[in-house]
Amino acid sequence: MEKMISVKNLEKNYKSKKVIKGISFNVQKGEILCFLGPNGAGKSTTINILTGALGYESGEIFYKEIKIEKGDRKFKQQLGIVPQEISLYEDITAEQNLRFFASLYGLKGKELNERTDEALEIAGLTEKAKDRVNTFSGGMKRRLNIACAVAHHPEILIMDEPTVGIDPQSRNYILSSVKKMREKGTTIIYTTHYMEEVEEISTRIIIMDKGEIIASGTKEKLKEEIVNDKRFVIEVDDLDKVNLEEFYNVEGVKNAKIEGGKLNITTLTGVENLDKLIAILVNSSVKINNLNCETASLETVFLNLTGKKLRD
Amino acid sequence: MYRFSQIFKRDFLNLIFNPMWVFNGTLFPFLLVLVLGFLSSGSYEISVTAYDYYGVSMMIYVIFNSATISSNSFMEEKIKQGNMRIIYSPVPKSFMYTSKILASFVFSSICHLLVIIVLHLSLNVNFGGTNVLFVILVLLLFEFLASILGVMFCCIFKSENTANQILSIVINISAVLGGLFFQLGGFGKNVENISYISPVKWIVTDIFKVIYDKDFSYYLPTVIIIIVLSIAALFLCGKFYRTEDYI
């Protein structure tokens, strides 16, 4: 797969504090690469370095194997940026915003008109083209914020927490737009601290914490490699008949406890032992009402890696 | 050039559609001259009226104050959000501040030229008669310097608020020392000498010499000093402007 961006040993300091600590990663053509991490992890700083808005102390950035310097205009021409803040002129219309920002990428005349209309359609704002942005809801502004980044058909779209503070409908609209853009061949770099968004759209994930990359890979790979446990949550009719000690004799069981009126058994993922656990319950004359198997989520991956929840 | 013209056009329109700046650039200077001229009318002669004096001095004052317009168009919170995308776009870094300087200069110049015409027609303010173009040229050059200073202060202090607070102090001290509100001649020779540290004093002296004495001895040095200061300030904008401070 073609490498769009390569970052090698990138370091960034704010005064004496090192905020990016020598990270390296690649961005492949056509992927949705999600940067996941808590506030202050260094996601936005990394993104802003890629966009050329921030400088860096050391390291190298390559675009299609060619080294680029800060503010390289040929590289910038290929980027579409969706900043974390809503970056629009609020006193003018959606269409005027789009036309202006697209013109900065050299679009003019008929092409500018067509791309403006297309971007309005992507944002679902065709009907609101002539309305001033300060009359828009938060979700509409977010959608326009994205439209302004895609009107010039960038090869790489960089989205920095594009769904912060919006309603579920707008979030769904944005996520489905991201997937559509990927289908059209756009490479997408997406930062967020919403785990469910990463689950839904990512083709690969980089998890950052304290300026370092602490894990990377597909979500399936991360779950497999980092979380070795699965949990059975069993609802039974009479918990008094259950002897928890018996479960510890079954291979792979790490923990058995009663929590919230349910039996919780944590066991190693590689060991097939459900039949034995059920047998213990049946032998104890306990009726099983419900059984759920909770496999690893990205939240548990993150918890395992950092020892804290993502939104802590 | 196409991309720069687009940014310039946007910056200019942002100013024109801001009613406060339009008021500040047109009605405010006219009212200032009208009120000060009326209140001081008894203290001036018939040949040089209070309106003649304040017409010129207050124009210099409001022109200096237009530094706050350029600092606003560069870093005002509401505009700054949209401006951020210019940083991300493939245009030279210098477009960001040069377009703001140029837009503020053009906007303020149009407003202030209109005020000069209205002051001349309504209050018969003397702007030099046949030498009016020389007076206007100095005023325009000063307008350009003021526009650069507004952006330069933002680049140095990284904040519109701080820049405007400091600019306000600088402008008002220069205006008082330059004798824009009242002449300092009556305060003694020492005060008179101190007043010459204010560039405003050189400009106001030069303009009055051109208007009333047809004396151009100060003209070229004044023009050259303003141009040199403008180039130096523009250089400092480039030196201190960092995209990091903007995002």
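Bear in mind the structure is a predicted one, so any value in this text is a computation, not a measurement. (Residues numbered from 1 in each chain as written. Chains lettered and ligands numbered in written order. Predicted model: local features only at pLDDT ≥ 70, side-chain atom pairs only at ≥ 80, totals over all residues.)

This part covers the overall build of chain B. Scanning chain B from N- to C-terminus turns up 13 helices and 0 strands. Going from the N terminus to the C terminus, chain B shows its helices and strands as α-α-α-α-α-α-α-α-α-α-α-α-α. Residue burial in chain B is summarised as follows: out of 247 residues, 45% are buried. Taking contacts inside chain B between residues at least 6 apart in sequence as the whole, the part at least 24 apart equals 76%. (Helix = DSSP H or I, 4+ residues; strand = E, 2+ residues; numbered from the N terminus. Buried ≥ 20, exposed ≤ 12 C-beta atoms within 10 Å, placed from the backbone. Contact = placed C-beta atoms within 7 Å.)

What follows concerns the confidence of the model for chain B. Across chain B, the average pLDDT comes to 89, with 98% of residues at 70 or higher. Per the prediction output, this complex has pTM 0.81; the corresponding ipTM is 0.84. (pLDDT = per-residue confidence, 0-100.)

Bringing the sheet that holds strand E12 (residues 253–259) of chain A into the picture now. Residues and elements named next belong to chain A. In space, the 4 strands of this open sheet follow the order E12-E13-E11-E14, with antiparallel pairing throughout. One side of each edge strand has no neighbouring strand; the edge strands of this open sheet are E12 and strand E14 (288–294). Between one strand axis and the next, the sheet turns by 15 degrees as a mean value, whatever way the strands run. Across 6 bridges, the pairing between strand E11 (residues 229–236) and strand E13 (residues 262–268) is antiparallel. Note on E13: the bridge partner recorded for valine 233 is asparagine 264. (Pairing = 2+ DSSP bridges. Axes fitted to C-alpha atoms, helices over the stretch in contact; angles between N-to-C directions.)

What follows concerns the interface of chain B and chain A. Opposite the 21 residues of chain B that make contact, chain A presents 26 residues. Secondary-structure elements contributing two or more residues to the side of chain B that touches chain A are helix H1 (2–16), helix H6 (77–88) and helix H13 (243–246) of chain B. The dominant element in the side of chain B that touches chain A, judged by the number of residues it contributes, is H6 of chain B, at 8 residues. Broken down by class, the residue content of the side of chain B that touches chain A amounts to 9 nonpolar, 6 polar and 6 charged. (Nonpolar A, V, L, I, M, F, W, Y, C, P; charged D, E, K, R; others polar.)

This part is about the sheet that holds strand E1 (residues 3–14) of chain A. Residue and element names in this part refer to chain A. Strand order in the open sheet formed by 4 strands is E2-E1-E4-E5, with antiparallel pairing between adjacent strands. Every other strand in the sheet has two partners, leaving strand E2 (17–28) and strand E5 (66–68) as the edge strands with one partner each. Going across the sheet, the axis of each strand differs from the next one's by a mean of 25 degrees, ignoring polarity. Here strand E4 (residues 58–63) pairs with E5 via 3 bridges, running antiparallel. Across the sheet, isoleucine 61 pairs through a bridge with isoleucine 68, a residue of E5.

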